[in-house]
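Residue-level structural notes
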Amino acid sequence: MPFRTQLARHTFSTLLSVVAAVLCFVIALQLILASARHELQRNGQETLATFDAIFGEIQSVTDALNRLGYADCNRDNLLAMRRAVFNANYIKGIGFFQDGQLVCATSSGRLKTPLTEPKPDYQDAQGNQFWLRSRIMLFRDDSTPRYAFIAQRGRYNVVLELQERIAQALRNERDWELIFQGQKPVHMAGMEGLFGAGELGQKQLTNTRFSACSSQYPQYCLALRQSSQAVLEQNSYLMVVAFIFSLIVGAATSIGQSLYRDYRSSIRVRLRQGLRHQGFYWLLQPVVDMASGKVIGAEALARFADDIGPLSPDQFIDRLRELELAWPFTVQMLNRTLTELEACTELPAGFKVSFNIYPHLLATGAIRELMALPVIKASRFKLVFEVTEDEELDKAQAQANLHYLRQQGIGLAVDDFGTGYANLGQLIKMDCDLLKIDRSFVTDMEEHSVRSSLIPQIVSIARQLNVQLVAEGVENERQYQALRKLGVDYAQGWLFGKPMTLGELVVLLEQQAAAA
């Protein structure tokens, strides 16, 4: 194999392995990011559910206390407030207002001096007031500055750590913002301005995003954002696994290509060995005269088998040409088949024997060397060379060789007509004797397909060119009778006999003679 070809194949193999590894790694990254997007959506919904629970508790606790109807901070009122804090999940403290001033709280009891709350940060449509970050005192004489979220409904306010609760619900490290959408948005907690990003709710290359509003309190909305870098850092172990798996895929791709090359190489070796050690053999398929129903010839069909096993014609016919073995194969086919046929005295003189010839050989001087073979020069049979439709036949050398073969008494047949390159002009230049209708047209006859409707056109072309027709692949009596009515001259197929050995062909001819 030329060095450049080897280098090109090696480069392609390496590139394909790299592409497979990279593609696998990219897919793994996309799966990780897709999982992160799904997790973000789920976590966002769970956090909104937590928010609903927090605000639901604020509403239920304050409503219950307001219904008690206490007008001042007496012992019973303070006990009820402390009992509510004890039973609450989120509320840390409760205060009671009288005449617009805070007069007592669960943490400090009755205040010596009532406190006037500053102006709230926002107020909802029901008149409830909210302070986002209000300084509180948990115990008497507590000098440590503490801040919390305060909500006031009626005569009571409640204290809770809203931001901490939301952050706790989110679990993973990610940017977030909680807002109240009143006449204008109010930032409540998290990263201020995240809702103004505009692209929330969209998937981006660098970030994973989520935004939604509470189903129970639709004026409250949550936005989340997590960078792809953070996702990948959190899933670093999966990244390592994906990288290792990608390397394995790349290696597997390389091994697969190597095995495939070995497979191709093994066929190459087997074909070369087969030519040297008679791995090829030929069977004969009868050709029948449509008018009389008698066998008037046979087509030699190549087969291959060695100690490894058989190869179908589809596996070796084109491969022989690729390996530049078409010529020795053709010579061996003619020598061995005609030698065996000539030794068979049961076959009459003039019996038609067809051989498939590679079209490209007709465009070279090698075809004339065939006519110098003793088995051809001394043959008593009517030899027919079949060629498939091919652009090689357009070459001047091919046309000259076809004319030469006709002068030498060799019949010419166009095989698989209707499936390839040939046109009417080429057929005229070829000056062939036979057109072989491809089996696909015959198979489609019973289905009345468009392809089968072309058979009458092929018959018309044959009549114009004054050539005879052979139908391939005839498998039942219905096809046989239909083709016969159309005026097809000859046929071959399983209806008349599968490809068979010479001995089986002789038996068939003897049975035919006995029946006559």
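Keep in mind that what you see is a predicted model, and the values were worked out from it rather than measured. (Residues numbered from 1 in each chain as written. Predicted model: local features only at pLDDT ≥ 70, side-chain atom pairs only at ≥ 80, totals over all residues. Heavy atoms only, no water.)

What follows deals with the overall build of the protein. Within the protein one finds 16 helices and 20 strands. Contacts spanning at least 24 positions in sequence make up 64% of the contacts within the protein whose residues lie at least 6 apart. Counting every atom, the protein has about 27300 Å² of accessible surface; 54% of that belongs to carbon and sulfur. (Helix = DSSP H or I, 4+ residues; strand = E, 2+ residues; numbered from the N terminus. Contact = heavy atoms within 4.5 Å. Areas by Shrake-Rupley, 256 points an atom, 1.4 Å probe, with all protein chains shown as cover.)

Our next topic: the pairing of strand E2 (residues 101-105). Strand residues, when the strand is regular, have side chains that alternate between the two faces of the sheet. Counting buried residues along E2, four of its five residues qualify, which places the element largely inside the surrounding structure. One ladder, built from four bridges, connects strand E1 (residues 93-98) with E2; its direction is antiparallel. Among the inter-strand pairings, glycine 95 is bridged to a residue of E2, identified as alanine 105. Linking E1 to E2, which pair antiparallel, is a turn of two residues; within it aspartate 99 sits at a positive phi near 55°. The pairing of E2 with strand E3 (residues 109-115) spans three bridges and is antiparallel. The residue bridging leucine 102 from the neighbouring strand is leucine 115, located in E3. Connecting E2 to the next strand, E3, in antiparallel fashion are three residues. (Buried < 20%, exposed > 50% of the residue type's maximum accessible area, 1.4 Å probe, protein only. Pairing = 2+ DSSP bridges.)

Scanning the entire structure with this criterion turns up 13 salt bridges. The salt bridge partner of glutamate 342 is arginine 380, with a shortest N-O separation of 3.1 Å. With glutamate 342 in helix H7 (residues 326-342) and arginine 380 in the loop between helix H10 (374-377) and strand E16 (382-388), this residue pair connects regions lying 38 residues apart in the sequence. In this structure, aspartate 431 engages arginine 406 in a salt bridge whose closest nitrogen and oxygen atoms are separated by 3.2 Å. Taken together, the residues span a long stretch of sequence, with aspartate 431 in the loop between helix H12 (424-430) and strand E18 (434-437) and arginine 406 in helix H11 (residues 396-407) at a distance of 25 residues. (Salt bridge = Lys/Arg side-chain N within 4 Å of Asp/Glu carboxyl O.)

In the structure shown here, the tally under the stated rule is two disulfides. With its sulfur 1.9 Å from that of its partner, cysteine 73 forms a disulfide with cysteine 104. Between cysteine 73 and cysteine 104 the sulfur-sulfur dihedral comes to about 105°; the bridge is accordingly right-handed. A residue pair is termed long-range when its members are at least 10 positions apart, and cysteine 73 in the loop between helix H1 (3-68) and helix H2 (75-87) and cysteine 104 in strand E2 qualify at 31 residues. When sorted by exposure, cysteine 73 lands in the same class as cysteine 104, which is buried. Bridging cysteine 213 to cysteine 221, the disulfide has an S-S length of 1.8 Å. Across the S-S bond of cysteine 213 and cysteine 221 the torsion is about 85°, and the bridge reads as right-handed. Judged by relative accessible area, cysteine 213 falls into the partly exposed class, the value being 37%. Cysteines bonded in the protein are numbered consecutively along the chain; their disulfide partners then correspond to 1-2, 3-4. (Disulfide = S-S within 2.5 Å.)

A few words now on helix H3 (residues 162-170). For H3, the full list of buried residues reads Leu162, Ile166, Ala169 and Leu170. The buried residues of H3 occupy one face: seen down the axis, they fall within an arc of 100°. (Arc of directions from axis to C-beta.)

A separate point is unusual backbone geometry. Excluding glycine, most residues fall at negative phi; most peptide bonds, likewise, are trans. Even without glycine at this site, glutamine 278 takes up a positive phi of about 60°. Tracing the backbone shows glutamine 278 in the loop between helix H5 (236-276) and strand E12 (280-289). With a phi close to 60°, glutamate 324 is a non-glycine residue in the positive phi region.

When a protein is soluble and globular, its nonpolar side chains tend to lie buried together. Residues Leu271, Ile376 and Phe385 are the most contacted members of the largest nonpolar core, which totals 80 residues. The element best represented in this core is H7, accounting for seven residues. When near neighbours in sequence (up to four residues on either side) are disregarded, isoleucine 376 contacts Leu334, Leu338, Leu370, Met371, Leu383 and Phe385. Formed by 44 residues, the second largest nonpolar core is a distinct cluster that contains Tyr122, Phe149, Tyr156 and Trp176. (Core = buried A, V, L, I, M, F, W, Y, C linked by side-chain atoms within 4.5 Å.)

Let us look at the packing of aromatic side chains. This structure, assessed with the given rule, holds 22 aromatic pairs. Ring centres of phenylalanine 280 and phenylalanine 304 lie 4.9 Å apart, and the angle between their planes is 65°; this geometry places the pair in the edge-to-face category. In this pair, phenylalanine 280 sits in strand E12 while phenylalanine 304 sits in strand E13 (residues 295-305), placing the two residues 24 residues apart along the sequence. In terms of burial, phenylalanine 280 and phenylalanine 304 fall into one category: buried. Here a set of aromatic residues connected by ring pairs shows up, and it is made of Phe51, Phe55, Tyr122, Phe130, Phe149, Phe180, Tyr217 and Tyr220. (Phe/Tyr/Trp six-rings, centres within 6.5 Å; stacked < 30°, edge-to-face > 60°.)

Of all ten residues in E12, nine are buried; the element is thus mostly enclosed. Examined bridge by bridge, E12 and E13 share nine bridges and lie antiparallel to one another. If you follow glutamine 285 over to E13, its bridge partner there is glutamate 299. Hairpin remark: E12 followed by E13, antiparallel, with five residues in the connecting loop; positive phi at glycine 293, about 75°. Bridging between E12 and strand E20 (residues 490-491) involves two bridges; their strand directions are antiparallel. Within E20, the residue paired with aspartate 289 across the bridge is tyrosine 490.

Here the focus is the environment of valine 467. Tracing the chain through its elements places valine 467 in the loop between helix H14 (455-465) and strand E19 (468-471). With 36 residues separating them along the chain, valine 467 and aspartate 431 place their C-alpha atoms 8.7 Å apart. The contacts of valine 467, once residues within four sequence positions are left out, are Cys432, Asp433, Leu434, Leu435 and Ala462.

Parts of the model with low pLDDT should not have their predicted coordinates read in detail. With 89% of its residues at a pLDDT of 70 or more, the protein shows a mean pLDDT of 85. When the criterion is pLDDT under 50, residues 198-206 qualifies, and its contacts beyond four places in sequence or with other chains add up to 18 contacts. (pLDDT = per-residue confidence, 0-100.)

Structurally, the position occupied by aspartate 124 is in the loop between strand E4 (122-123) and strand E5 (129-136). Despite its burial, aspartate 124 pairs with no opposite charge, the nearest such side chain being arginine 153 at 5.5 Å. A polar contact of 2.9 Å, which involves the side chain of aspartate 124, links it to the backbone nitrogen of asparagine 128. With residues up to four places along the chain from it excluded, the contact list for aspartate 124 reads Phe130 and Phe180. (Lys, Arg positive; Asp, Glu negative; His and termini not counted. Polar contact = N/O pair within 3.5 Å; in protein donor to acceptor, adjacent residues only side chain to side chain.)

Bringing the environment of lysine 92 into the picture now. With respect to the secondary-structure elements, lysine 92 resides in the loop between H2 and E1. Look at lysine 92 and you get partly exposed, because its relative accessible area is 45%. A C-alpha to C-alpha distance of 9.0 Å links lysine 92 and threonine 106, two positions 14 residues apart in sequence. Setting aside its immediate chain neighbours within four residues, lysine 92 contacts Val85, Val159, Leu160, Glu161 and Arg165.

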